[in-house]
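Commentary on secondary and tertiary structure
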Amino acid sequence: MSPSAARNRTPIAGMLAGILPENAQVLEIGSGTGEHAVAACLQRPDICWQPSDPDARSRSSQAAWASEADGRISAPLALDLRDPDWFAAAGAADALVCINVIHISPWIVTEHLAAGAAALLEAGGPVYLYGPYREGEATAPSNLEFDRSLKSRNPDWGVRALSDVVAVFDQAGFDLESRAGMPANNLSLVFRKREAS
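Residues numbered from 1 in each chain as written. Predicted model: local features only at pLDDT ≥ 70, side-chain atom pairs only at ≥ 80, totals over all residues. Heavy atoms only, no water.

1. Some remarks on helix H6 (residues 162-171)
- Within H6, burial applies to Leu162, Val165, Val168 and Phe169. End-on, the buried residues of H6 take up no more than an arc of 130 degrees, which puts them together on one face. Within H6, the exposed residues directed more than 90 degrees away from the buried face are Ser163 and Gln171.
- In the stretch just after H6, Gly173 is the one whose phi turns positive, near 105 degrees. (Buried < 20%, exposed > 50% of the residue type's maximum accessible area, 1.4 Å probe, protein only. Helix = DSSP H or I, 4+ residues; strand = E, 2+ residues; numbered from the N terminus. Arc of directions from axis to C-beta.)

Have a look at this one:
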C-alpha cells in the first residue's frame, strides 16, 4: 500500500467519477500499486480499467489489487512511455488517466503521453492528469522544494510547469477543460480531445 495513494485515492476517485464517460474503458499510465484503479471502479461500477507500468513489481501489486474489483480491472500491461510507439500495445481506450507520473519521468514521457493519447482517443475523449505543477509566482513553496529534491535525485525529473504541459497537449490536439486544486498542493487537470478540423 502506498501512503500517498492512501491519502489521495478518495478525492481522485471522486474527480474521476464525474469525468469518465459512461461504460468507459480506462487506460491508466504508470499505475503504481494499483490502488487508484480499485477506488475508481468502486465509485463507478460501469467502468473497466486497464492498469499499466514499466516496473514488474508494480504490475504484481496491480494484479493483486485487481481482485477487489469483480473482474473489471484487467491484467496490467508493461507499457513504457519512453517508447514513442507505446500506444500500439495499449488496446482500445475511451479515457486516459495518469497520476503522479510526469514529475518522476523524463520530459519525453509527457510528450509521448500526449501523442499516444491523441492516437488512442476519439474526439471528446478525456485525459486526466494528477500531480504537482509549477505556476510561476503562484507555485506553492512545497512544490518548489519538491522540484529541487527530484532534480537532485535525477536531473531528468522535476515538477513540470503547467504552461509547458498545457502546450504539449494543445499541440497534440487537446484543450484544457478544467483545473482543480487537490490535497498537498496537487492539481487535477482534465484535457479533452478536440474535433478534427
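2. Details of the nonpolar core
- Within the largest apolar cluster, 29 residues are counted, with the highest numbers of intra-cluster contacts made by Leu27, Trp86, Leu96, Leu113, Val127, Leu129 and Phe169.
- At the level of secondary structure, the elements contributing two or more residues to this core comprise strand S1 (25-29), strand S3 (95-99), helix H4 (107-120), strand S4 (126-131), H6 and strand S8 (186-193).
- The biggest single contributor to this core is H4, with six residues.
- The contacts of Trp86, once residues within four sequence positions are left out, are Leu27, Ile29, Leu79, Asp80, Leu81, Leu96, His112, Leu113, Gly116, Ala117 and Leu120. (Core = buried A, V, L, I, M, F, W, Y, C linked by side-chain atoms within 4.5 Å. Contact = heavy atoms within 4.5 Å.)

3. A closer look at the pattern of salt bridges
- Counted by the stated rule, this structure contains nine salt bridges.
- Taking the shortest distance from any N to any O, the salt bridge between Arg82 and Asp80 comes out at 2.6 Å.
- A residue is classified by how much of its surface remains accessible, and Asp80, at 25% relative accessible area, is partly exposed.
- A salt bridge links Arg192 to Glu177; the shortest N-O distance between them is 2.9 Å. Here the residue Arg192 occupies a position in strand S8, and Glu177 occupies one in strand S7 (residues 174-182), the gap between them amounting to 15 residues.
- Where salt bridges share partners, they join Asp170, Asp175 and Arg194 into one cluster. (Salt bridge = Lys/Arg side-chain N within 4 Å of Asp/Glu carboxyl O.)

4. Points about the environment of Trp157
- Here Trp157 is to be found in the loop between helix H5 (141-153) and strand S6 (160-161).
- In the structure, Trp157 is positioned 18 residues away from Thr139 in sequence and 17 Å away in space, judged by C-alpha atoms.
- Not counting residues within four places of it along the chain, the set of residues in contact with Trp157 comprises His103, Ile104, Ser105, Pro106, Leu150 and Lys151.
- A distance of 3.4 Å separates a polar atom in the side chain of Trp157 from the backbone oxygen of Ile104. (Polar contact = N/O pair within 3.5 Å; in protein donor to acceptor, adjacent residues only side chain to side chain.)

5. With respect to the packing of H4 against H6
- Put simply, H4 and H6 touch, their axes get as near as 8 Å, and they point 35 degrees apart. For the pair H4 and H6, the crossing hand works out as right-handed. In contact with Trp107, Thr110, Glu111, Leu113 and Ala114 of H4, H6 contributes Asp164, Val165, Val168 and Phe169. (Axes fitted to C-alpha atoms, helices over the stretch in contact; angles between N-to-C directions. Left-handed = near helix turned anticlockwise from the far one by under 90°.)

6. Some words on the packing of aromatic side chains
- Inspection of every chain in the model, using the stated rule, returns three aromatic pairs.
- Relative to Phe87, the ring of Trp86 has its centre 6.1 Å away and its plane inclined at 85 degrees; by these criteria the two rings are edge-to-face.
- Overall, Phe87 belongs to the partly exposed group, its relative accessible area being 25%.
- Judged by centre distance (5.7 Å) and plane angle (80 degrees), the rings of Phe169 and Phe174 are edge-to-face. (Phe/Tyr/Trp six-rings, centres within 6.5 Å; stacked < 30°, edge-to-face > 60°.)

7. Observations concerning the sheet that holds strand S2 (residues 48-50)
- Read across the open sheet, the six strands follow the order S2-S1-S3-S4-S8-S7; overall the sheet is mixed. Each having just a single partner strand, S2 and S7 make up the two edges of the open sheet. When strand polarity is set aside, the average angle formed by the axes of neighbouring strands in this sheet is 20 degrees.
- Alignment of S4 against S8, held across six bridges, turns out to be antiparallel. The residue bridging Tyr130 from the neighbouring strand is Ser188, located in S8.
- Docked against the sheet, helix H2 (residues 35-43) engages S1, S2 and S3, running at close to 170 degrees with respect to S2.
- Docked against the sheet, H6 engages S4, S7 and S8, running at close to 15 degrees with respect to S8. (Pairing = 2+ DSSP bridges.)

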